[in-house]
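Each chain is listed here by its residues.
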Amino acid sequence: MVEQYIVGVAVVIASLLGFVFLYYNSLVRFWGLSKLKRRASMEFPKENRRNKNGSGEDVGTTDIIIVGAGVAGAGLAYSLGKDGRQVRVIERDLNPPDRIAGESLMPRGYLKLIELGLEDCVDEIDAQRNQGYILYKDGKNAPISYPLEKFHSHIVGKNFHNNRFVQKLRKKAASLHNVSLEQGTVTSLLEENGIIKGVHYKDKSSQMLTTYASLTVVCDGCFSNLRRSLCNPKVDVPSYFVGFILTNCKLSDQNHGAIILADPSPIVFYPISSSEIRCMVDVPSQNLPSLSNGEMSHYLKTLVAPKVFPETYDSFISAIEKKDNIKIMPNRIMADAPHRTPGALLIGDSLNMRHAITGGGMTVALSDVVLLRDLLRPLHDLSDASVVCKYLQSFYTLRKPMSSTINILASVLHKVFSSSSDPTIEDIQHACIGYLRLGGVFSSGLSAMISGLCPRPLSLAFHLFALAIYGFGRLLLPFPSPKRLWNGAKLFWVSSNIIFPILHSEGVRQMFFSLTVPAYYRTPPRNKDLKV
């Protein structure tokens, strides 16, 4: 009864605080104070750009060039090819990718896959059902179960080997006669009078080639070498995931992954096949041990292994000792800050990255693909790059509900779940466990947003503030005292310092006041607006 009273108070206060914060930021952005910074960034770098007269054999013209054949690139190629477009896809390496990322597809991502007609790409790859995660902290646990009651039983999240999934997507795209999939490294964008006309690339025999298109879509992933000329590529790496595969063990619930909130690092487990469990250990960037000299193995054995489940301990140690089993991946964060560039567009991780702790990257990428496909469908002529570019500016606003909800949750949860010498972070972790254990709308609300089923930034802001105030009230029990009031105030202050900068970096106006963004109202250009 007391906890429900606290939550009720939290609802009221969170709503008031959220309204004040959002109203203030909307005024700031509406009157253009932030536009000064944006205008200053509109001077495009000339790196990775070359004039039309650059060297390279001409291999012809197509409707759309797609740079990269990962989840976003292959998915987009198939969807545009099905719509009758002539598509050329250029991928630097068509061999199966060797990655420890892109192994969790949230339920909303699976729904997007169905919408694209690619749901069979998770068949026959030993994909595992993913119905959520269970948080563990100091002997307590709290489920984060995706609210799937309103969907058919086959609608769930999916876990799998990334390379198997990507190769199925590529095969599906290449099966269309109007989609050309080739191996090559794009060295630069081809520019003429400020308009991207195509790309220069080296094929697998290192011959320099040039190809032209009305629209070039760059989706060559987190290591993109083209994004610098198309956006503000400010990348932050707060931590690394150290990943390896465990065998001969089982999680307590095979349909749920597990997240252990431990010191010094959060530990994530999830099945990627019927006989394998992926373990990811989050390690802060400034404390990353060396893999080559054995420091990493020692770190995992002495500091991390004692915190894992007893039933996985032996497999954990065996996996560390197995040669070449440990891989390290940087967790990259990059807000979407694209330049308006006629003839070119960024999507997927080339445009926007978030911490991988919630596994939301592929869901955002597939959502981008569906949105871009739908925006392009009314355009039968893409020849006027300036008109098309102005129309496609709406893409960056329309993608915000999905991308910002998943991005913010990933960043906030990583900061909350990470071990810290500050005891207030410990209090926030316990508050998070308690909030989820309330069940009902509190648990289902957060899990719906983690899964992508509720892409509503305003609902997310409400839950984050309600959680902070719940934690504040929890520290006051059984009765307020000066020390408890002080600890509660610190919790609220630290929570605000986590939430506000992340909300601001995602763009408050685009998230919460999209109707005030002119690009929101873009309609397909009429035929007379385009060159014939």
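Just so you know, these numbers come straight off a predicted model, no measurement behind them. (Residues numbered from 1 in each chain as written. Predicted model: local features only at pLDDT ≥ 70, side-chain atom pairs only at ≥ 80, totals over all residues. Heavy atoms only, no water.)

This paragraph deals with the overall build of the chain. Secondary structure assignment for the chain yields 16 helices and 17 strands. A burial count over the chain gives 55% of its 532 residues as buried. Within the chain, contacts between residues separated by at least 24 positions form 76% of all contacts whose residues are at least 6 apart in sequence. Accessible surface, the chain as shown: approximately 23,200 Å² in total, 54% of it carbon and sulfur. (Helix = DSSP H or I, 4+ residues; strand = E, 2+ residues; numbered from the N terminus. Buried < 20%, exposed > 50% of the residue type's maximum accessible area, 1.4 Å probe, protein only. Contact = heavy atoms within 4.5 Å. Areas by Shrake-Rupley, 256 points an atom, 1.4 Å probe, with all protein chains shown as cover.)

In this description, an aromatic ring pair is defined by two values, namely the gap between the centres and the angle between the planes. Throughout the structure, instances matching the rule amount to eight aromatic pairs. Measuring from ring centre to ring centre gives 4.9 Å for Tyr136 and Phe309, while their planes differ by 75°; the resulting arrangement is edge-to-face. One end of the pair, Tyr136, is in strand β6 (residues 132–137); the other, Phe309, is in the loop between α6 (295–304) and α7 (310–321), and 173 residues separate them in sequence. Taking 5.2 Å as the distance between ring centres and 75° as the angle between the ring planes, the aromatic pair formed by Phe244 and Phe316 counts as edge-to-face. (Phe/Tyr/Trp six-rings, centres within 6.5 Å; stacked < 30°, edge-to-face > 60°.)

With that settled, the discussion passes to helix α12 (residues 423–437). Over its 15 residues, α12 extends 21 Å from the first C-alpha to the last, a length consistent with the 21 Å expected when each residue adds 1.5 Å. Within α12, eleven of the 15 residues are buried, leaving the element largely enclosed by the surrounding structure. If you check which residues of α12 are buried, you get Thr424, Ile425, Ile428, Gln429, His430, Ala431, Cys432, Ile433, Gly434, Tyr435 and Leu436. As for α12, its buried residues are in contact with β6, β7 (140–145), α11 (400–417), α13 (440–450), α14 (457–476) and α15 (482–506). Among the residues of α12, the N-terminal cap falls to Asp422, whose side-chain oxygen and the backbone nitrogen of Thr424 are separated by 2.9 Å. (Expected span 1.5 Å × (residues − 1). Polar contact = N/O pair within 3.5 Å; in protein donor to acceptor, adjacent residues only side chain to side chain.)

Turning our eyes to something else, we now look at the pairing of β7. Two faces make up the sheet, and in a regular strand the side chains alternate between them. One ladder, built from six bridges, connects β6 with β7; its direction is antiparallel. From the neighbouring strand, Tyr136 faces β7, where its bridge partner is Asn141. Adjacent in sequence and paired antiparallel, β6 and β7 are bridged by two residues, among which Asp138 carries a positive phi angle near 50°. (Pairing = 2+ DSSP bridges.)

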